[in-house]
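Chain by chain, the residues:
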Amino acid sequence: MIFAAIADIHGNHAALEAVLKDIETLGIADIVNLGDCFSGPLEAGRTADILVSRDIATVRGNHDRALIDRTFEMMGDWERPAHMQLSSDHFSWLQALPFELVFKDVAYCCHGSPRDDLDYWLETLHPDGFLHLRPLPQIEAFAADIKQPLMLCGHTHIARTVQLSDGRLIVNPGSVGCPGWKDDEPFYHQVEAGHPLASYAVLEDTPHGWQVSFRQVRYDSAAMGDLARANGMPRLGKAIASGWLG
């Protein structure tokens, strides 16, 4: 068995198209999407057209939730540009997304953690403003009630695999469309991938257990960075184009 996991597209249709083409080139038919599909200053509508037409199994991310659980006036800078591009069919698709799902009976999937779509499952926030690997007992506590051999999450945009004491794996495939971000809550912190490539993961069941391959795909990230800048987010534009917030 082999399948692909994608996450954190954030309206970057060009990155999504490149990743889907790469997956097709590998001959992989099954894909699971770990959420945060549209929010940002890019091409939410075009991204939604792709995802809805492909009927890819998808869980709801925190930014997906923010597009449907509050009024337009209460939305943040990431949601408002996306909201204006989405159709009623796109919103119906968002409304139907589950918080969590089990993919192909082998992989538990969520966006943040099994408890909350805002949790950093594999990382913890330090006072230096960066995310660091969370201690294993804390990671395992989130997984206590999960039985599947694989667990998949997104949210931090950090590609990472953690093996639990019992041999199970938790995998974050990294971000398809947003290699850098910042947040001011609970205090300023940021993530930078250090490259602009579109990231995803391939999961393969082998005789020795599940194998993880991280893929990083070239596309016209400079054009998407220019679009973010033109839409009023220069630091995000730099991150999309270079992998660094600057």
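Scroll up to find the structure.
Model, not experiment: these values are computed from the prediction. (Residues numbered from 1 in each chain as written. Predicted model: local features only at pLDDT ≥ 70, side-chain atom pairs only at ≥ 80, totals over all residues. Heavy atoms only, no water.)

J.: Just to check I follow, could you spell out helix α2 (residues 44-54) for this structure?
T.: Three or more residues of α2 are buried, namely Ala-44, Gly-45, Thr-47, Ala-48, Ile-50 and Leu-51. For α2, the secondary structure elements touched by its buried residues are α1 (13-25), β2 (31-33), α4 (79-83) and α5 (88-95). Phi turns positive, to about 55 degrees, at Asp-55, one or two residues after α2. (Buried < 20%, exposed > 50% of the residue type's maximum accessible area, 1.4 Å probe, protein only. Helix = DSSP H or I, 4+ residues; strand = E, 2+ residues; numbered from the N terminus. Contact = heavy atoms within 4.5 Å.)

J.: How should the layout of surface pockets be read in this particular structure?
T.: Gaps between atoms show up when a probe of the same size as a water molecule is rolled over them. Of the voids in this model, the largest pocket is the one considered here, and its volume is about 850 Å³. If you trace the largest pocket, you find 33 residues lining it, with His-63, Trp-78, Trp-181, Lys-182 and Asp-183 closest to the centre. Broken down by secondary-structure element, the contributors of at least two residues to the lining of the largest pocket are α3 (62-66), β6 (123-125), β11 (180-183) and α8 (234-242). Looking at the lining of the largest pocket residue by residue, the class counts come to 12 nonpolar, eight polar and 13 charged. Its volume calculated, the second largest pocket comes out at about 210 Å³. (1 Å grid on protein atoms, 1.4 Å probe; cavity = no way out; pocket = protein on both sides within 12 Å on 5 of 7 lines; lining within 4 Å. Points joined across faces, edges and corners; volume = space filled by probe spheres on them. Nonpolar A, V, L, I, M, F, W, Y, C, P; charged D, E, K, R; others polar.)

J.: How should the side chain of Asn-62 be read in this particular structure?
T.: For Asn-62, the position within the fold is in helix α3. Reaching out from Asn-62, the side chain makes a polar contact with the side chain of His-111 at a distance of 3.0 Å. (Polar contact = N/O pair within 3.5 Å; in protein donor to acceptor, adjacent residues only side chain to side chain.)

J.: Would you explain the packing of helix α7 (residues 221-230) against α8 in this entry?
T.: Geometry of a packed helix pair, given as the angle between the helix axes and the separation of the axes. Closest axis-to-axis distance for the α7/α8 pair is 7 Å, and the angle between their directions is 175 degrees. In terms of orientation, α7 lies roughly antiparallel with respect to α8. Contacts between α7 and α8 pair Ser-221, Ala-222, Met-224, Gly-225, Ala-228 and Arg-229 from the former with Pro-234, Leu-236, Gly-237, Lys-238, Ile-240 and Ala-241 from the latter. Classifying every residue of the contact of α7 with α8 by side-chain character gives seven nonpolar, three polar and two charged. (Axes fitted to C-alpha atoms, helices over the stretch in contact; angles between N-to-C directions. Parallel < 35°, antiparallel > 145°, perpendicular 65-115°, else oblique.)

J.: When you look at the sheet that holds strand β4 (residues 100-103) in this model, what are you seeing that I'm missing?
T.: One key point about sheets: their strands pair by backbone hydrogen bonds, in either a parallel or an antiparallel sense. A sheet is described by the order of its strands in space; here five strands give the open sequence β4-β5-β8-β10-β9, paired in mixed fashion. Both outer strands of the open sheet, β4 and β9 (160-163), are each paired with one neighbouring strand and no more. Neighbour-to-neighbour, the strand axes of this sheet turn through a mean angle of 20 degrees, independent of strand direction. Sheet topology note: the β9/strand β10 (residues 169-172) ladder contains four bridges and is antiparallel. Bridging from a neighbouring strand, Gln-163 pairs with Leu-169 of β10. (Pairing = 2+ DSSP bridges.)

J.: How should I be thinking about the nonpolar core in this particular structure?
T.: Nonpolar side chains in soluble globular proteins generally cluster together in the buried interior. Within the largest apolar cluster, 39 residues are counted, with the highest numbers of intra-cluster contacts made by Ile-6, Ile-23 and Phe-38. Elements with a contribution of two residues or more to this core: β1 (2-6), α1, α2, α5, β13 (198-206), α7 and α8. The biggest single contributor to this core is α1, with seven residues. If near-sequence neighbours (up to four positions away) are discounted, Ile-6 is found in contact with Leu-16, Val-19, Ile-23, Ile-31, Val-32, Asn-33, Leu-34, Pro-173, Val-176 and Tyr-200. Counting residues in each nonpolar core, the second largest holds 18 residues, with Ala-7, Cys-109, Leu-169 and Trp-210 among its members. (Core = buried A, V, L, I, M, F, W, Y, C linked by side-chain atoms within 4.5 Å.)

J.: Where do I start with the pairing of β1 in this structure?
T.: Residues in a regular strand project their side chains so that they alternate between the two faces of the sheet. With respect to burial, β1 is a largely interior element, four of its five residues being buried. The pairing of β1 with β13 spans four bridges and is antiparallel. Each bridged residue has a counterpart across the sheet, and for Ala-4 the counterpart in β13 is Val-202. In this structure, β1 lies alongside β2, joined through three bridges in parallel fashion. Residue pairing across strands places Ala-4 opposite Ile-31, the latter belonging to β2. Taking the sense of rotation as the criterion, the β-α-β connection linking β1, α1 and β2 turns out right-handed. (Right-handed = clockwise from strand over helix to strand, strands pointing away.)

Treat this as a map of the structure, not an account of what it does.
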